Amino acid sequence: MSGAAGEPMDTTLTLRIQNDLAGLARLLERATAFLAGHGAAPGVAYKVELALEELVTNTIKYGYADGERHEIEATLVWDPPRVVLRLADDGRPFDPLAAPPPDLDAPLEARPVGGLGLHLIRRMAEGVAYCRTGGRNRLELHFRLPA
Amino acid sequence: MKIDVIERDAVRLVRLDGRLDAATAAEVERRLGEVLESGATRIALDCAALEYISSAGLRVLLSATKRLRQAQGTLVLGGPPPAVLEILEIAGFTGLLQVLGTAEEAVAACAR
């Protein structure tokens, strides 16, 4: 898998990290390199990286109450005209689509500091689907590549 | 993330170079906190070299804006690239704080 050497890159990248923030930076680096290797436009790469960061951060911070180690799996699929991001974790059931939208018209003093990440993702992804199967949260997001 | 603080016409110009994400938000928050604690009330953020911002970064900007508002101060952003500007718009931040085309315009707006 080396785009730089002129060989075609794999169209699927699967990454697994432990539920700690140290793994997140490495995950984002790998995802960024994968998207750049496929020549993704900067705007699309930004959206996918943002979704990955927001969702994995949420799972690490709020997904587990037992203090144990868990594995979070992220899969990127280069499938023109779209990029697909799949996430799976065994944290507490959480459907990001069901989270209430933040009140963006609230004055500064009343503006909540949470909930923004999910709002950004819902606005930037073309499609988002959630299901809970086999004790795991499974999320699939589609991002459209510019023609 | 590289953070530089420069004094310009009684305005503190804070230059953010890199990614403002979950990994760097704490460092930016600490540096902005130092600027605020020094008594500065006019802060311009040079965002021209800000490649990326996520909700972790938005939270830092929001809390700095709240603190400054309490001190009758101003925070103005200048020069965010299109992708960063789009995030600020989707998050509703362009209605909360002033976002201008360049850092120089942000400094000038703060100095008024």
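Residues numbered from 1 in each chain as written. Chains lettered and ligands numbered in written order. Predicted model: local features only at pLDDT ≥ 70, side-chain atom pairs only at ≥ 80, totals over all residues. Heavy atoms only, no water.

J.: Quick question: what am I supposed to make of the interface of chain B and chain A here?
T.: Often, the extent of an interface is quoted as the loss of accessible area upon association of its parts. With 24 residues of chain B at the contact, the number on the chain A side is 23 residues. Taken together, the two surfaces of chain B and chain A that pack against each other cover about 2000 Å², and 63% of this comes from carbon and sulfur. A salt bridge links Glu49 of chain A to Arg19 of chain B, with the shortest nitrogen-to-oxygen separation between them at 3.1 Å. At the junction of chain B and chain A, the tally comes to nine residue pairs in polar contact (both at pLDDT 80 or more). Contributing elements (two or more residues each) for the side of chain B that touches chain A: strand 4 (50–53), helix 2 (55–70) and helix 3 (82–90) of chain B. For the side of chain B that touches chain A, the class distribution of residues is 13 nonpolar, four polar and seven charged. (Contact = heavy atoms within 4.5 Å. Buried area = accessible area lost by both parts, 1.4 Å probe. Salt bridge = Lys/Arg side-chain N within 4 Å of Asp/Glu carboxyl O. Polar contact = N/O pair within 3.5 Å; in protein donor to acceptor, adjacent residues only side chain to side chain. Helix = DSSP H or I, 4+ residues; strand = E, 2+ residues; numbered from the N terminus. Nonpolar A, V, L, I, M, F, W, Y, C, P; charged D, E, K, R; others polar.)

J.: What is the right way to look at the environment of Glu140 of chain A in this model?
T.: Residue and element names in this part refer to chain A. Locating Glu140 in the fold gives a position in strand 5 (residues 136–144). A C-alpha to C-alpha distance of 10 Å links Glu140 and Ala125, two positions 15 residues apart in sequence. Aside from chain neighbours lying at most four places away, what touches Glu140 is Val84, Leu85, Arg86, Gly127, Val128 and Ala129. Reaching out from Glu140, the side chain makes a polar contact with the side chain of His142 at a distance of 2.8 Å.

J.: Help me understand the packing of aromatic side chains, please; the structure alone is not making it clear to me.
T.: How two aromatic rings sit relative to each other is given by the distance of their centres and the angle of their planes. Throughout the structure, instances matching the rule amount to one aromatic pair over all chains. With a centroid separation of 4.8 Å and an interplanar angle of 35°, the aromatic rings of Tyr46 of chain A and Tyr52 of chain B are classed as tilted. In this pair, Tyr46 of chain A sits in helix 2 (residues 42–62) while Tyr52 of chain B sits in strand 4, so the two residues belong to two different chains. The class for Tyr46 of chain A is buried, based on a relative accessible area of 6%. (Phe/Tyr/Trp six-rings, centres within 6.5 Å; stacked < 30°, edge-to-face > 60°. Buried < 20%, exposed > 50% of the residue type's maximum accessible area, 1.4 Å probe, protein only.)

J.: Please clarify how unusual backbone geometry should be interpreted in this entry.
T.: For residues besides glycine, phi is generally negative; the peptide bonds are generally trans as well. Residues Pro80 of chain A and Pro81 of chain A are joined by a peptide bond in cis, for which omega reads 10°. As for its position among the elements, Pro81 of chain A is in the loop between strand 2 (71–79) and strand 3 (82–89). A positive phi angle, near 50°, is found at Asp9 of chain B, a position not held by glycine. Here Asp9 of chain B lies in the loop between strand 1 (2–8) and strand 2 (11–20). The exposure class assigned to Asp9 of chain B is exposed, which follows from its relative accessible area of 58%. The residue Ala10 of chain B is not glycine, and still its phi comes out positive at about 65°. Here Ala10 of chain B is to be found in the loop between strand 1 and strand 2.

J.: Just checking my understanding: could you explain the nonpolar core for this structure?
T.: Looking at soluble globular proteins, one finds that nonpolar side chains tend to be buried together. By size, the foremost hydrophobic cluster in this structure holds 39 residues, and its most contacted members are Leu45, Leu58 and Phe93 of chain B. Ranked by residues supplied to this core, first place goes to helix 2 of chain B with seven residues. Counting residues in hydrophobic clusters, the runner-up holds 35 residues, among them Leu13, Ala31, Val56 and Leu76 of chain A. (Core = buried A, V, L, I, M, F, W, Y, C linked by side-chain atoms within 4.5 Å.)

J.: Help me understand the confidence of the model for chain B, please; the structure alone is not making it clear to me.
T.: Residue and element names in this part refer to chain B. In the predicted model, chain B carries a mean pLDDT of 95, and the fraction of residues at 70 or more is 100%. By mean pLDDT, helix 2 is the weakest element of chain B at 93, and strand 3 (residues 42–46) is the strongest at 98. The complex prediction reports pTM at 0.90, with the ipTM value standing at 0.87. (pLDDT = per-residue confidence, 0-100.)

J.: Can you help me understand the side chain of Arg12 of chain B in this one?
T.: All names here are of chain B. Structurally, Arg12 can be placed in strand 2. Within polar-contact distance, the side chain of Arg12 engages the side chain of Ser38 at 3.4 Å. Excluding its chain neighbours within four sequence positions, the residues that come into contact with Arg12 are Val5, Ile6, Glu7, Val35, Ser38, Ala40, Arg42, Ile43 and Ala44.

J.: So what exactly am I meant to see when it comes to the sheet that holds strand 1 (residues 12–18) of chain A here?
T.: Strand pairs in the sheet, formed through backbone hydrogen bonds, run parallel or antiparallel to each other. Residues and elements named next belong to chain A. What the five strands build is an open sheet, ordered 1-2-3-5-4; its pairing is antiparallel. Edge positions in the sheet fall to strand 1 and strand 4 (127–133), since each of these pairs with one other strand and no more. Within this sheet the neighbouring strands show an average axis-to-axis angle of 15°, counted without direction. Of the pairings in the sheet, the one linking strand 2 to strand 3 comprises seven bridges and is antiparallel in character. Paired with Leu76 across the strands is Leu85, a residue of strand 3. Against the sheet, helix 2 contacts strand 1, strand 2, strand 3 and strand 5, and its axis sits at roughly 5° relative to strand 3. (Pairing = 2+ DSSP bridges. Axes fitted to C-alpha atoms, helices over the stretch in contact; angles between N-to-C directions.)

J.: How should the pattern of salt bridges be read in this particular structure?
T.: As a working rule, side chains carrying opposite charge can pair if their charged atoms are close by. Throughout the structure, instances matching the rule amount to 16 salt bridges over all chains. Glu140 of chain A is the partner of Arg86 of chain A in a salt bridge, and the nearest nitrogen-oxygen pair spans 2.8 Å. In this pair, Arg86 of chain A is assigned in strand 3 and Glu140 of chain A in strand 5, connecting sequence segments 54 residues apart. Between Arg19 of chain B and Asp21 of chain B there is a salt bridge whose closest N-O contact spans 3.5 Å. Accessibility expressed as a relative area gives 7% for Asp21 of chain B, which makes it buried. What you see here is one network of salt bridges that share partners, running through Glu27, Arg30, Arg31 and Glu34 of chain B.

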